[in-house]
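Residue strings, one per chain:
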Amino acid sequence: MRMVQVGPLTVLPLTAALLLALAVSPGLGSGAVAVGAAVAVATRLLVDRGLRREGLARLGPANRVTLLRATLTAGIAALVVASWTAAVPRPLLVVLATLALCTDLVDGRLARRRGLVTPFGAAFDMETDAFLILVLSIYAVPVVGGWVLLIGLARYLLFLAGAVWPWLTAPTPPRRWAKVVAAVQGIVLTVVSADVLPRSISAPVALVSLALLTESFGHQVMTLWRLRRGVAYARAPWVRPVVDAVAVALVWLALTLPRKPAQLSPSALLAIPLELLVFLALAVVLPVRWGRLTAVLSGVLLTATVVLTGLDLGFYEAFDRPFNPLSDPGYVGSGLDLVNRSAGRAGEMFAVAGVVVGVGLALALCVWAAMRLRRAAHGAPRAWSRAVVGLSLVWSVAAVDGAQVSGLPVASMPATSLVRAQVHEIRVELHDRAVFDQALAHDSYALTPSQDLLTRLRGKDVLLVFVESYGRVAVENSWFAPMVQQTLASSTADLGSMGFSARSGWLRSPTFGGISWLAHSTLQTGLWIDSQQRYDQVLGGSRLTLTRAFGNAGWRTVSDIPSDDGPWEQGHRFYGFDRMYDSTDVGYHGPRFSYARIPDQYTFRAFAQRELDRRHRRPVMGEIDLVSSHTPWTPLPHVVPWSQLGDGSVYDGMHASHTSFFQLIGGPDQQRDYAKSIQYSLRSLVSFVRHAHDKKLVMVVLGDHQPNSNVSGTGVSHDVPVSLIAHDPKVLDRITSWGWTPGLQPESDVPVLRMDHFRDRFLAAFSGRRARQRGALTATRPASQSAAGR
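What counts, and at which threshold
Residues numbered from 1 in each chain as written. Predicted model: local features only at pLDDT ≥ 70, side-chain atom pairs only at ≥ 80, totals over all residues. Heavy atoms only, no water. Salt bridge = Lys/Arg side-chain N within 4 Å of Asp/Glu carboxyl O. Helix = DSSP H or I, 4+ residues; strand = E, 2+ residues; numbered from the N terminus. Buried < 20%, exposed > 50% of the residue type's maximum accessible area, 1.4 Å probe, protein only. Contact = heavy atoms within 4.5 Å. Axes fitted to C-alpha atoms, helices over the stretch in contact; angles between N-to-C directions. Parallel < 35°, antiparallel > 145°, perpendicular 65-115°, else oblique. Left-handed = near helix turned anticlockwise from the far one by under 90°. Nonpolar A, V, L, I, M, F, W, Y, C, P; charged D, E, K, R; others polar. Patch = residues over 30% accessible without salt bridge, like charges linked within 9 Å, V, L, I, M, F, W, Y side chains within 5 Å. Areas by Shrake-Rupley, 256 points an atom, 1.4 Å probe, with all protein chains shown as cover. Lys, Arg positive; Asp, Glu negative; His and termini not counted. Charge placed at Lys NZ, Arg CZ, Asp CG, Glu CD. Phe/Tyr/Trp six-rings, centres within 6.5 Å; stacked < 30°, edge-to-face > 60°. Polar contact = N/O pair within 3.5 Å; in protein donor to acceptor, adjacent residues only side chain to side chain. Core = buried A, V, L, I, M, F, W, Y, C linked by side-chain atoms within 4.5 Å.

(A) Inspection of the pattern of salt bridges at higher detail. Counted under the stated rule, the structure contains 26 salt bridges. Measuring nitrogen to oxygen at the nearest pair gives 2.7 Å for the salt bridge that ties D756 to R754. Here the salt bridges share partners, and the residues they tie into one network are R69, D104, D107, D125 and D129.

This is the structure in structure tokens:
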């Protein structure tokens, strides 16, 4: 007769009662209840198996406490699954997790005090703790990022490694520090999951916890490494084929990884990479010495392929274009500066360390996979030769037939295609230097007398206002567009109550997701500047900018760029600004808001005080760059009464000064935060117009580019809104022929104007007849400058 272990059965009614209570309040779905029930059933089966293996008749008091923790963990797992599709009470989950952690203080002590310590009890306690930590790490992902899963997966990764290297499964001498570290993991994950700390603090705390866990596991592995000698460990027969399959999968995945985010799908793995077939053929026929050398070199080349493909994916995600090996490495400094300004020095160091560790890990995995694959193919040449021949036949038929899956060819040469694409980018960039030199030599307004320029705006203050990341997605074709549309409508009404009117249209930006200076220079120079190479070329010349045109015509030209923190030589030399303000000379003593050193509303107030409120002054032409809507769009200030702005101290305590690095690369609320930042910038604009009391004011307000693909999505346009705002109706009458929409929100069907065409069109509209005639005589651009499709 088979004896039934009654003790483990108690987990089922206990879990059923807990799940029933959770189903009633807060109301779990069927999927969450099923997960909780599955955890309970798995616990019951595993505990029963453990008891039988050790010949135990029943659970002791200590194991019953552990069983209670397993029951609570089942309920926590159900809540975590429910949180994926609906809101769950965070305090409830934290309370359950706290109770579960408290039971961990009881069971071990109880077992030692009563002399009931058993291998089963120790294993039951450890595995229950490991699963609880895994569940809590899953719940903490939205708070600090997906990397926190490493804490929860550490135990299971070691288990898988033990299947490959059996010496990792040997027992280790007790170490009290390991128990402390295990307890810290649960406590830290519970605190992080509670979301009571600022998220900029939660991430470093969890990172320290991960570092402690890494040290603990590293110590355990090193101890087992030293103890492994002289002991024979039997490896399971299934390990070798499984490890060989993992090596094949790694190489296959590395080669078939698409270059564009839109192509990331399981169907991409159906492509057959020719490079893999060539490598396997060489592995079969080459002798061991040459085969190993080939494997190492192939692993290095595979790593380069992965890195370049990753760069392409990242650039498509951020800038909607592939990585350019000639000019894009120059953005490393700008990228680190962005991380530093947004996430602080710690975030910058973490980013650098992450890149170094990531590349090192990729190199280690690729070389290991290539060597493992060579060893497998050389060890069983007949079987692998058949596989290579079979796949080669399929590849040949697919190549002849042009077979594709989800737009990707089945017969692929990914590494070869990647190298070809990089070489093509370099050739295009080198050719474009000569093309752009021709464009630089042609300027339809270069010789226009200053007395003929901008005669229709004489006596008016003209401001060119760039709203960071203000793209088309902010006002249409997105779930958050109604939020911004409402602000645009109310802002139009507010401006109207002050006697101002607006007309709005669309401009096509040369950049996407970032690198704002390309858009600024394109608008100012009337040249299509879509690369750092073109930007450097134009700054090395003497192109007539809008700023210099105003300066030549008698305006005082001023820039206010709060993202700058020091002198900007090109501002004087190339753009022609008489005075340049940055974050250091506008009297701001308030906190930083992530990337934004100075809130937009304060930027406007400082400009008004220092320029527009001056007596006996010339008309002012100013460029103002608003940065509160710069990624990561959080934390964000709010509009305060104009009289309270002072030196910016009014912002103290509003938010933390930095965001976390993980929010910077993509948090769950980015789209909402982005929309709120655009709303804030627009409200700051209206606040400025209301308090400037300047009826001579004319403003060109536009976005520099669309936000990155996390917000905009993929395959969207590069269009940005642009508005002309003025109190004098004659100013808007000058652009009637442009077909722009009244108000601050352009209609969808308004023709899109390329940003490089704006300068000439603006100068033609507001300059005298002789200037327009002179510009018309030379307005036709050489065909070599047409670079919209570059």
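(B) Broad picture of the environment of L132. Of note, L132 is situated in helix α5 (residues 119-144). Since its relative accessible area comes to 3%, L132 is described here as buried. Once the C-alpha coordinates of L132 and G186 are considered, the two residues, 54 residues apart in sequence, prove to be 7.8 Å apart. When residues no more than four places from it in sequence are discounted, the contact partners of L132 are T73, I76, A100 and L101.

(C) Expanded view of the packing of helix α2 (residues 30-54) against helix α3 (residues 61-82). As a packed pair, α2 and α3 sit with axes 7 Å apart at the nearest point and diverge in direction by 155 degrees. The orientation of α2 with respect to α3, classified from their angle, is roughly antiparallel. Considering the relative orientation of α2 and α3, their crossing is right-handed. Contact residues: A32, V35, G36, V39, A40 and T43 in α2; L67, A70, A74, A77, A78, V81 and A82 in α3. For the contact of α2 with α3, the class distribution of residues is eleven nonpolar, two polar and no charged.

(D) Focus on a positive patch on the surface. The grouping of R109, R112, R113, R176 and K179 at the surface amounts to a positive patch. When contributions to the positive patch are tallied by element, the ones reaching two or more residues are α4 (90-113) and α7 (176-194). With three residues, the single largest contributor to the positive patch is α4. As for its position among the elements, R112 is in helix α4.

(E) Structural detail: the packing of aromatic side chains. Scanning the model with the defined rule gives 20 aromatic pairs in all. With a centroid separation of 5.8 Å and 85 degrees between ring planes, the pair formed by F593 and Y651 is classed as edge-to-face. Residue F593 is located in the loop between β8 (579-581) and α20 (600-612), and its partner Y651 is located in the loop between β9 (620-626) and α21 (661-664); the two are separated by 58 residues in the primary sequence. Looking at F593, the relative accessible area reads 3%, which means it is buried.

(F) Quick peek at the environment of S504. Here S504 lies in strand β6 (residues 501-508). Sequence separation between S504 and I725 is 221 residues; the distance between their C-alpha atoms is 8.8 Å. One polar contact links S504 to S723, side chain to side chain, over a distance of 2.6 Å. Looking at S504, its side chain comes within polar contact range of the main-chain oxygen of L744, at 3.2 Å.

(G) Local environment of the nonpolar core. One finds L454, L457, F688, M699 and F758 to be the most contacted residues of the largest nonpolar core, which totals 88 residues. Per-element tally for this core: the top contributor is helix α22 (residues 670-692), with nine residues. Those residues in contact with L454, other than ones at most four positions away along the chain, are A549, F550, W555, F762, L763, F766 and S767. Counting residues in hydrophobic clusters, the runner-up holds 40 residues, among them A77, L79, W147 and A154.

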